[in-house]
Amino acid sequence: MQKPQLRAALAITLVLAPLALLAAACSSAPPEQRFLTQFFRAARARDNNSLAMMSAVEFNPREHGEVGSFDITNVSDERRTPLDFTTLLDEERKATAGEAEFRARKREYENGNMAALETVVKLERDATAKMNAAQMKTKAEWDKWRADATTFQKATAQAKAAVAAQTGIAEASLTQPGQPAFTPDKFKGELLVKDVTLDAQVKSPDGQTAQKTLVVTIQRVVGTFDGKQRQGRSIITKITGA
């Protein structure tokens, strides 16, 4: 090979070698690297729209600082938990139906005793008023109805809260552009959870920079929705060490 050609070949090698090393480094990086890089970039920029799509927890620079760079030191094995909301939804329907049936009975009692109830309620507002035996009987009955109403309302609220708590991550993971809205009665699948440990450079709100170990919990769901296969997106559900 002539010297000019040799020099040209050497020059090309020197240019391509770093690019090859960079490509190799990128290909060996765990898939969580890009996702977390985007998340911390959005946190630094206070891009709330992007953060809402990626995380169920807040990472506020004014409170937790800014992650400038990080290395992933460990990714745990993925933990899988079956997801079937049938029992929760049955409990919610049972509580809702029970409250509706109670309200119907309560309304029937009110309609049949309206005049007496109006008198009792009026007397209750007067600290000096005294009730006769019939009014005391009506008050005792009405107190029972009111206490039972509170019990049924609490049961319904607790059942709805349980559904919301258990389906929240599934809904967040499966809510994607162009996809049908999530409804828990149409989904069956698994919750996938992993913990990613980071060696991160964190700039505190007062401007000090320090190395910190952060552990980020990432969850997503997979399964069938309305009979069709669905792959949910990753959602950050916990960050410790910040």
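Data block above holds the structure.
Residues numbered from 1 in each chain as written. Predicted model: local features only at pLDDT ≥ 70, side-chain atom pairs only at ≥ 80, totals over all residues. Heavy atoms only, no water.

Asks: Sorry, what's going on with the overall build of the protein chain here?
Replies: Helix and strand content of the protein chain: seven helices and six strands. Among the 242 residues that make up the protein chain, the fraction classed as buried is 29%. In the form shown here, the protein chain has an accessible surface area of approximately 15,500 Å², with 55% of it arising from carbon and sulfur atoms. (Helix = DSSP H or I, 4+ residues; strand = E, 2+ residues; numbered from the N terminus. Buried < 20%, exposed > 50% of the residue type's maximum accessible area, 1.4 Å probe, protein only. Areas by Shrake-Rupley, 256 points an atom, 1.4 Å probe, with all protein chains shown as cover.)

Asks: Would you mind showing me how to read the layout of surface pockets here?
Replies: Any empty space left between atoms is shown by rolling a water-sized probe over those atoms. Volume-wise, the largest pocket comes out at about 190 Å³. Along the wall of the largest pocket there are 13 residues; nearest its centre are Asn48, Leu51, Glu58, Phe59 and Asn60. Secondary structure elements with two or more residues in the lining of the largest pocket: helix 2 (32-45), helix 3 (48-54) and helix 4 (61-64). No other element matches helix 3, which puts three residues into the lining of the largest pocket. (1 Å grid on protein atoms, 1.4 Å probe; cavity = no way out; pocket = protein on both sides within 12 Å on 5 of 7 lines; lining within 4 Å. Points joined across faces, edges and corners; volume = space filled by probe spheres on them.)

Asks: Got a minute to help me understand the nonpolar core in this structure?
Replies: Taken as a class, soluble globular proteins show a tendency for nonpolar side chains to be buried jointly. Among the nonpolar cores identified, the biggest contains 21 residues, and Leu36, Phe39, Phe40, Val67, Phe70, Leu198 and Ile236 are the most heavily contacted of them. Mapped by element, the contributors of at least two residues to this core are helix 2, helix 3, strand 1 (66-75), strand 3 (187-203), strand 4 (209-225) and strand 6 (235-240). If you tally residues by element for this core, the top one is helix 2, at six residues. In this view, leucine 36 contacts Phe70, Val196, Leu198, Val216, Ile218 and Ile236; residues no more than four positions away in its chain are not counted. (Core = buried A, V, L, I, M, F, W, Y, C linked by side-chain atoms within 4.5 Å. Contact = heavy atoms within 4.5 Å.)

Asks: How do you make sense of the packing of helix 5 (residues 86-112) against helix 7 (residues 133-174) when you look at a structure like this?
Replies: When two helices pack together, their arrangement is given by the angle between the helix axes and by the axis-to-axis distance. Running from amino to carboxyl end, helix 5 crosses helix 7 at an angle of 160°, the nearest separation of the two axes being 9 Å. If you check the angle between helix 5 and helix 7, you find them roughly antiparallel. In this structure, the crossing between helix 5 and helix 7 has a hand that is left-handed. The class makeup of the residues in the contact of helix 5 with helix 7 is 13 nonpolar, six polar and 10 charged. (Axes fitted to C-alpha atoms, helices over the stretch in contact; angles between N-to-C directions. Parallel < 35°, antiparallel > 145°, perpendicular 65-115°, else oblique. Left-handed = near helix turned anticlockwise from the far one by under 90°. Nonpolar A, V, L, I, M, F, W, Y, C, P; charged D, E, K, R; others polar.)

Asks: Got a minute to help me understand the pattern of salt bridges in this structure?
Replies: Side-chain pairs of opposite charge can arise whenever the charged atoms involved come near each other. Taken as a whole and judged by the stated rule, the model has 16 salt bridges. Between glutamate 141 and lysine 137 there is a salt bridge, and its shortest N-O distance comes to 2.6 Å. In this pair, glutamate 141 and lysine 137 both sit in helix 7, four residues apart, roughly one turn of the helix. Its relative accessible area of 28% is what places glutamate 141 among the partly exposed residues. Using a relative accessible area of 52% as the deciding quantity, one classes lysine 137 as exposed. One salt bridge connects aspartate 143 with arginine 146, and the closest N-O pair in it is separated by 2.5 Å. Taken together, the positions of aspartate 143 and arginine 146, both in helix 7 and three residues apart, correspond to about one turn of that helix. Overall, the relative accessible area of 30% leaves aspartate 143 in the partly exposed class. Residue classification places arginine 146 among the partly exposed positions, given a relative accessible area of 30%. (Salt bridge = Lys/Arg side-chain N within 4 Å of Asp/Glu carboxyl O.)

Asks: Whenever I open this one, the side chain of glutamine 135 confuses me. Can you help?
Replies: Counting through the fold element by element, glutamine 135 comes out in helix 7. Residue glutamine 135 is classed as buried on the basis of its relative accessible area, which comes to 19%. When sequence neighbours within four positions are dropped, the list of residues in contact with glutamine 135 reads Thr119, Val120, Leu123 and Lys130.

Asks: Please explain the pairing of strand 4 as it appears in this structure.
Replies: Two faces, one strand: in a regular strand the side chains alternate between the faces of the sheet. In the sheet, strand 3 pairs with strand 4 via 17 bridges, with the strands oriented antiparallel. Considered in strand 4, the bridge of phenylalanine 187 is made with phenylalanine 225. The antiparallel pairing of strand 3 with strand 4 creates a hairpin that spans five residues between the two strands, and glycine 207 there sits at a positive phi of about 95°. Both strand 4 and strand 6 contribute to a ladder of five bridges, which runs antiparallel. Of the residues in strand 6, the one forming a bridge with valine 215 is threonine 240. The pairing of strand 4 with strand 5 (residues 228-231) spans four bridges and is antiparallel. Bridge assignment links threonine 224 to a residue of strand 5, and that residue is glutamine 229. Here strand 4 hands over to strand 5 after two residues, with aspartate 226 in that stretch at a positive phi of 55°. (Pairing = 2+ DSSP bridges.)

Asks: How do you make sense of helix 2 when you look at a structure like this?
Replies: Spacing of three or four residues puts side chains on the same side of an α-helix, whose turn is 3.6 residues. Taking 1.5 Å per residue, 14 residues should reach 20 Å; helix 2 reaches 20 Å between its end C-alpha atoms and fits that length. Of all the positions in helix 2, only Glu32, Phe35, Leu36, Phe39, Phe40, Ala42 and Ala43 are classed as buried. Seen end-on, helix 2 carries its buried residues on one side only, within an arc spanning 155°. Among the exposed residues of helix 2, those oriented more than 90 degrees off its buried face are Arg34 and Ala45. Tucked into the core, helix 2 has its buried residues touching helix 3, helix 4, strand 1, strand 3, strand 4 and strand 6. The first or second residue beyond helix 2 is arginine 46, which carries a positive phi of 55°. (Expected span 1.5 Å × (residues − 1). Arc of directions from axis to C-beta.)

It is worth stressing that arrangement in space is one thing and function is another; only the former is reported here.
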